[in-house]
There are 2 protein chains.
Amino acid sequence: MSHEPELLPLLGEPPRERSDAARNRDALMCAAKELVDSAGVDAVTMDAVAERAGVGKGTVFRRFGSRAGLMAALLDASEAAWQGDVMGGPPPLGPGAPPRERLLAFGRSRLVGNLERAALVQAATGAQPRSYAAYSFTATHVRYLLHELGVRGDIDLLTTALLAPLEVPILLQQTQIEGIDVDRIVAGWEDLVARVVDA
Amino acid sequence: MSHEPELLPLLGEPPRERSDAARNRDALMCAAKELVDSAGVDAVTMDAVAERAGVGKGTVFRRFGSRAGLMAALLDASEAAWQGDVMGGPPPLGPGAPPRERLLAFGRSRLVGNLERAALVQAATGAQPRSYAAYSFTATHVRYLLHELGVRGDIDLLTTALLAPLEVPILLQQTQIEGIDVDRIVAGWEDLVARVVDA
DNA sequence: AATGAAAGCGGACCACGGTCCGTTTAGGCT
DNA sequence: AGCCTAAACGGACCGTGGTCCGCTTTCATT
């Protein structure tokens, strides 16, 4: 009665994904991506995705929990490259430049990226787990840079203060309703950084 | 063939509201308010409101455009008193205190208020006109105070920078997910004001 | 008071997100 | 190979937001 509890007991909990489940997950992500690219975020209906992937609707919900969850998965996939650049790409966004340069580059990049993916981001809001996961990455990075800069005060809250004006609804309000141009928003954010960082 | 174009041509455009329309509007607002108070924001279904007010569903949409619009109307009604306090109430929130005191009082008040009405605010997001109208009041006020304080720089963007961390999704993230306590958030915001205002 | 037209009204109807549960299938065990 | 169980599947079903269009009401004019 020998029994390895699992072939690879590393990371005990997640009991592994069944092969059909993995296949369907890929098919669904792929179908969703195609729909976004070809007809926009609004066209990504749960029924449409299911049909296009050739699976039942229930399966979509089983995999992603909700429409927002599906969007979040799409978003994570498309942000992975960016996260890689931030952590290991060329300076000033990646490591190698002085912290202040990195922070400014980060802000610019995040701001522009958020505006590009605005529709997807908005469609993804409300997905519990990811919202925090993806946010968590940016927060951790900014917190780290503020620490490197020797900023004094409640770093967590200063991080929030810097990140909040980069959130999609606010950027959309500024660009679409107030008619503020992107360069001006970037300049404003850099000014904010200066005020926050320089004691 | 004499014809005054209208009884009161003041404010040319709005052609006046028909009496039955006004009556229905009141009934609907009232019904909605009762539903919120008795069973929470989620219970405010368009059908439920319509039935309770004794009108057809189409009427609800005709009046408020969407669920978010209805919520926004509710919110406006409940924020009117607060706006009055800000513009004409006792100091330090109202006029009479030095600008810096007023700004700090404003932030505290807005922060707490936003957390109290969080559910309603979230249900109201997406209503085009009001989002801007209600936001506009706070922005104008902060902009004015920053001006009074002699702050230099792009006042519009600094206003956004101060207001953004008071937005509901961010406050909710801080209190509910990160477990930060309200007093700490308030302190953080006051620190932010200091950094932004003191050149 | 009668009239005409624009504003308002109501509720059937549609699309979409989300749930449920009976059925199918992967894949470890013997 | 055959079995057994937990996982996965599918699609009928439901509630809700939002639209549409033929009918009704208001009210200015005469």
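Just so we're clear, the structure is a prediction, and the values are computed from it rather than from any experiment.

With respect to the packing of aromatic side chains
Residues and elements named next belong to chain B.
Here is step 1: If you walk through the whole model with that rule in mind, you get four aromatic pairs over all chains.
Here is step 2: Aromatic pair W82 and F106: ring centres 5.8 Å apart, planes at 40°, arrangement tilted. Residue W82 is located in helix α4 (residues 67-88), and its partner F106 is located in helix α5 (residues 99-116); the two are separated by 24 residues in the primary sequence.
Here is step 3: By relative accessible area, W82 is classed as buried at 12%.
Here is step 4: An angle of 75° between the planes, with centres 5.9 Å apart, marks the rings of W82 and F137 as edge-to-face. Separated by 55 residues along the polypeptide, W82 in helix α4 and F137 in helix α7 (residues 128-148) bring together distant segments of the chain.

Overview of the protein's contact with DNA strand C
Here is step 1: With respect to spatial proximity, 21 residues lie near DNA strand C, and among them K57 and R67 of chain A together with R18, N24 and G56 of chain B are the closest.
Here is step 2: In the interface set of DNA strand C, defined as its atoms within 4 Å of the protein, sugar plus phosphate atoms amount to 60%.
Here is step 3: Between DNA strand C and the protein, one listed contact pairs a phosphate oxygen with a backbone N or O atom of D20 of chain B at 3.4 Å.
Here is step 4: For DNA strand C, a base oxygen lies 3.4 Å from a polar atom in the backbone of G58 of chain B.

A few points about the nonpolar core
Within soluble globular proteins, side chains that are nonpolar tend to cluster in buried spots.
Here is step 1: Grouped together as the largest cluster of nonpolar side chains are 62 residues, with contacts concentrated most on L103, L146 and L162 of chain A together with L103, L146 and L162 of chain B.
Here is step 2: Setting aside anything within four residues of it in sequence, one finds L162 of chain B in contact with L103, V142, L146, W189, L192, V193 and V196 of chain B.
Here is step 3: Listed in part, the 30 residues of the second largest apolar core include M46, V60, A68 and L172 of chain A.

Digging into the relation of the copies chain B and chain A
Here is step 1: With an RMSD of 0.1 Å, the fit of chain B onto chain A corresponds to turning through 180° and sliding 0.0 Å along the axis. Such a combination of turn and shift is consistent with a two-fold rotation axis.

Remarks on the interface of chain B and chain A
Here is step 1: With 28 residues of chain B at the interface, the matching set in chain A holds 28 residues.
Here is step 2: Taken over both partners, the interface formed by chain B and chain A buries close to 2,300 Å², and the fraction arising from carbon and sulfur atoms is 61%.
Here is step 3: Inspection of the chain B/chain A interface yields four salt bridges.
Here is step 4: R184 of chain B serves as the salt-bridge partner of D154 of chain A, at 2.7 Å between the closest nitrogen and oxygen.
Here is step 5: Linking chain B with chain A are eight residue pairs in polar contact (both at pLDDT 80 or more).

A short note on the protein's contact with DNA strand D
Here is step 1: Taken together, 21 residues are adjacent to DNA strand D, and R18, N24 and G56 of chain A together with K57 and R67 of chain B come closest.
Here is step 2: If you look at DNA strand D and keep only atoms within 4 Å of the protein, 60% of those are sugar or phosphate atoms.
Here is step 3: Between G56 of chain A and DNA strand D, the recorded distance is 2.8 Å, taken from a backbone N or O atom to a phosphate oxygen.
Here is step 4: At a separation of 2.9 Å, a phosphate oxygen of DNA strand D approaches a polar backbone atom of R67 of chain B.
Here is step 5: Of all the elements in the fold, those that place two or more residues in the surface near DNA strand D are α1 (19-39) and α3 (57-64) of chain A together with α1 (19-39) and α3 (57-64) of chain B.
Here is step 6: A breakdown of the residues in the surface near DNA strand D according to their chemical character gives five nonpolar, seven polar and nine charged.

Section: helix α9 (residues 168-177) of chain B
Here is step 1: For α9 of chain B, the complete set of buried residues consists of V168, I170, L171, L172, Q173 and Q174 of chain B.
Here is step 2: Once α9 of chain B finishes, G179 of chain B follows within two positions and takes phi at roughly 65°, a positive value.

Focus: the pattern of salt bridges
Here is step 1: Summed over the entire model, instances satisfying the criterion amount to 25 salt bridges over all chains.
Here is step 2: Taking the shortest distance from any N to any O, the salt bridge between R18 of chain B and D20 of chain B comes out at 3.0 Å.
Here is step 3: On the basis of relative accessibility, which here comes to 62%, the residue R18 of chain B falls in the exposed class.
Here is step 4: Judged by its relative accessible area of 27%, D20 of chain B falls in the partly exposed class.
Here is step 5: Between D156 of chain B and R143 of chain B there is a salt bridge, and its shortest N-O distance comes to 3.3 Å. Taken together, the residues D156 of chain B in helix α8 (residues 155-163) and R143 of chain B in helix α7 connect sequence positions 13 residues apart.
Here is step 6: Residue R143 of chain B is classed as partly exposed on the basis of its relative accessible area, which comes to 30%.
Here is step 7: Linked by salt bridges that have partners in common, R143, D154 and D156 of chain A together with R184 of chain B make up one network.

Here's the deal with unusual backbone geometry
Here is step 1: With an omega dihedral of 5°, the bond running from P91 of chain A to P92 of chain A counts as a cis peptide bond.
Here is step 2: With respect to the secondary-structure elements, P92 of chain A resides in the loop between α4 (67-88) and α5 (99-116).

Focus on the packing of α4 of chain B against α5 of chain B
Residues and elements named next belong to chain B.
Here is step 1: Between α4 and α5, the shortest axis-to-axis distance is 12 Å and the interhelical angle comes to 170°. With respect to α5, the axis of α4 lies roughly antiparallel. Between α4 and α5, the residues in contact are E79, W82 and V86 and R102, F106, S109 and R110, respectively.
Here is step 2: A per-class count over the contact of α4 with α5 returns three nonpolar, one polar and three charged.

So, the confidence of the model for chain A
Here is step 1: On average, residues of chain A carry a pLDDT of 91, and 90% of them reach 70 or more.
Here is step 2: Counted against residues more than four places away or in other chains, residues 1-10 of chain A, with its pLDDT under 50, gives two contacts.

Concerning the environment of R152 of chain A
Here is step 1: Counting through the fold element by element, R152 of chain A comes out in the loop between α7 (128-148) and α8 (155-163).
Here is step 2: Distance in space between the C-alpha atoms of R152 of chain A and V197 of chain A is 8.5 Å, their sequence separation being 45 residues.
Here is step 3: With residues near it in sequence (within four places) discarded, R152 of chain A still touches L158 of chain A together with R195 of chain B.

Cut-offs and rules
Residues numbered from 1 in each chain as written. Chains lettered and ligands numbered in written order. Predicted model: local features only at pLDDT ≥ 70, side-chain atom pairs only at ≥ 80, totals over all residues. Heavy atoms only, no water. Phe/Tyr/Trp six-rings, centres within 6.5 Å; stacked < 30°, edge-to-face > 60°. Helix = DSSP H or I, 4+ residues; strand = E, 2+ residues; numbered from the N terminus. Buried < 20%, exposed > 50% of the residue type's maximum accessible area, 1.4 Å probe, protein only. Near = heavy atom within 4 Å. Polar contact = N/O pair within 3.5 Å; in protein donor to acceptor, adjacent residues only side chain to side chain. Core = buried A, V, L, I, M, F, W, Y, C linked by side-chain atoms within 4.5 Å. Contact = heavy atoms within 4.5 Å. Least-squares fit on C-alpha atoms with pLDDT ≥ 70 in both. Buried area = accessible area lost by both parts, 1.4 Å probe. Salt bridge = Lys/Arg side-chain N within 4 Å of Asp/Glu carboxyl O. Nonpolar A, V, L, I, M, F, W, Y, C, P; charged D, E, K, R; others polar. Axes fitted to C-alpha atoms, helices over the stretch in contact; angles between N-to-C directions. Parallel < 35°, antiparallel > 145°, perpendicular 65-115°, else oblique. pLDDT = per-residue confidence, 0-100.

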